[in-house]
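# Coordinate analysis (summary)
Next come the chains, spelled out residue by residue.
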Amino acid sequence: MSKEEIEFIGKQVKDMYGTFIGKVVGTITDIDGSVQTVGVDCGSEGLRQIAFEQLVVQGNFVIFIPRWRLQAQKLLREKGLTLRRIRALIDIVSENDDMKEDAELIHEKYKMKLLTLEESEKQIKEMLDHRLAELDSHLKSIRMLVFDAKLQHKSNEISDAKYESVKTQTVEIVECIEHEKAEIVNIQRRITDLSVENLERTENPKEQLHSAAVSYLGKVETPTTEPTKPVAPIQGQATTTPPESSPKPVAIGADGAEDSQDSDWLSRMSSQ
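Residues numbered from 1 in each chain as written. Predicted model: local features only at pLDDT ≥ 70, side-chain atom pairs only at ≥ 80, totals over all residues. Heavy atoms only, no water.

### Things to note about the overall build of the chain
When you go through the chain residue by residue, the secondary structure sums to seven helices and six strands. Mapped from its N terminus to its C terminus, the chain presents α and β elements in the order α-β-β-β-β-β-β-α-α-α-α-α-α. Taken over 272 residues, the chain has a buried fraction of 31%. Taking contacts inside the chain between residues at least 6 apart in sequence as the whole, the part at least 24 apart equals 64%. (Helix = DSSP H or I, 4+ residues; strand = E, 2+ residues; numbered from the N terminus. Buried < 20%, exposed > 50% of the residue type's maximum accessible area, 1.4 Å probe, protein only. Contact = heavy atoms within 4.5 Å.)

Right under this line is the structure:
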């Protein structure tokens, strides 16, 4: 066990969005001494065992990273790199016909990788949708709590100071929830954008050079969407056509590394 792994014992734990979870009370290690899980005292919820990979030491706190985020970032890195390699493979074949035989074997390897990632992607999307539903339920409970506090205040059951305290504390909770919802929506957008079609749009494909290579290697199938039915305009109302927004390139490097601009949680943690 490293010195850092020992030092975070006893520290307070909060999630990436500022919500306090509990305090680290100990660890469970493997036979080689590596940490498997971390025991966190969550008060009335009891002792919670959290995977060591989901915790990061940040100053005086230990930051909890939700599993959905780890799995989603892993998918983005692996799928982004796989698609880029397929694109590079097509480039190589289009420039050198002698490489076709070797390229076919490698291309099959990456096609199988994409099929595996598609199954993972489906599971992660379901996980993200489930988490968004949970967060919306939390927001609904908070609104009910605040409204009831307002009723108590209007009926002179609680003082002005108590009512203001309820509003202040619930605002902090809502901010944490909104931070998490925003990041989930951003992850969902990046997963949607990370397709062969969007990857080609964000670059400058050499379509004439690629046509022979694509016909030989075969295109990677992308999900088709049903055309939307046109909606008849309301009589007397002017119709406007919204400008098309160009898809943003996915912030993943050639080595699969995640771009840091979407991960501002460390700065938020440091400011608190």
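Past the structure itself, the notes keep going.
### A few points about the pattern of salt bridges
A complete count under the given rule lists 11 salt bridges for this structure. The shortest N-O distance in the salt bridge between Glu121 and Lys125 comes to 3.2 Å. With Glu121 and Lys125 both in helix α3 (residues 100–154) and four residues apart, the pair spans about one turn of that helix. According to the relative accessible area criterion, Glu121 is buried, its value standing at 9%. With a closest N to O distance of 3.3 Å, Lys167 and Glu164 form a salt bridge. Linking Lys167 with Glu164, this pair stays in helix α4 (residues 160–193), spanning three residues, or about one helical turn. Judged by its relative accessible area of 30%, Lys167 is partly exposed. Through salt bridges with shared partners, a single network forms among Lys74, Glu78 and Lys113. (Salt bridge = Lys/Arg side-chain N within 4 Å of Asp/Glu carboxyl O.)

### Details of the confidence of the model for the chain
With 68% of its residues at a pLDDT of at least 70, the chain reaches an overall mean of 75. Averaged pLDDT values for the elements of the chain fall to 39 in helix α6 (residues 207–217) and rise to 91 in α4. Between residues 201–263, whose pLDDT stays under 50, and residues either more than four places distant or in other chains, the model counts 72 contacts. (pLDDT = per-residue confidence, 0-100.)

### Focus on the environment of Arg67
Relative to the elements of secondary structure, Arg67 occurs in helix α2 (residues 67–95). A relative accessible area of 36% means that Arg67 is categorised as partly exposed. Not counting residues within four places of it along the chain, the set of residues in contact with Arg67 comprises Ala51, Glu53 and Gln54. Side chain to side chain, Arg67 and Glu53 meet in a polar contact 3.4 Å long. (Polar contact = N/O pair within 3.5 Å; in protein donor to acceptor, adjacent residues only side chain to side chain.)

### Section: the packing of aromatic side chains
Taken as a whole and judged by the stated rule, the model has one aromatic pair. One residue, Lys14, lies across the ring of Phe61, its end atom 4.1 Å from the ring centre. Its guanidinium or amino end placed over the ring of Phe64, Arg48 lies 5.1 Å from that ring's centre, counting from NZ or CZ. (Phe/Tyr/Trp six-rings, centres within 6.5 Å; stacked < 30°, edge-to-face > 60°. Lys NZ or Arg CZ within 6 Å of the ring centre and 35° of its normal.)

### Regarding α3
Helix length check: α3, at 55 residues, gives a terminal C-alpha distance of 78 Å against a target of 81 Å (1.5 Å per residue), a fit within 8%. Of the residues flanking the end of α3, it is Asn156, one or two places downstream, whose phi is positive at about 65°. (Expected span 1.5 Å × (residues − 1).)

### Looking at the sheet that holds strand β4 (residues 47–51)
Strand order in the open sheet formed by six strands is β4-β3-β2-β1-β6-β5, with mixed pairing between adjacent strands. Strands at the two margins of the open sheet, each flanked by one partner only, are β4 and β5 (55–58). Between one strand and the next, the sheet's axes are offset by a mean angle of 40°, whatever the strand orientation. With three bridges connecting them, strand β1 (residues 12–15) and strand β2 (residues 20–29) associate as antiparallel partners. Looking across to β2, one finds that Gln12 is bridged to Lys23. (Pairing = 2+ DSSP bridges. Axes fitted to C-alpha atoms, helices over the stretch in contact; angles between N-to-C directions.)

### Some words on the pairing of strand β3 (residues 35–41)
Here six bridges tie β2 to β3, and the two strands are oriented antiparallel to one another. Opposite Gly26, over in β3, you have Gly39 as the bridge partner. Counting the residues that bridge the hairpin from β2 to β3 gives five residues, and of these Gly33 lies at a positive phi of roughly 95°. In this antiparallel pair of consecutive strands, β3 and β4, the connection spans five residues, and Gly43 shows a positive phi of 70°.

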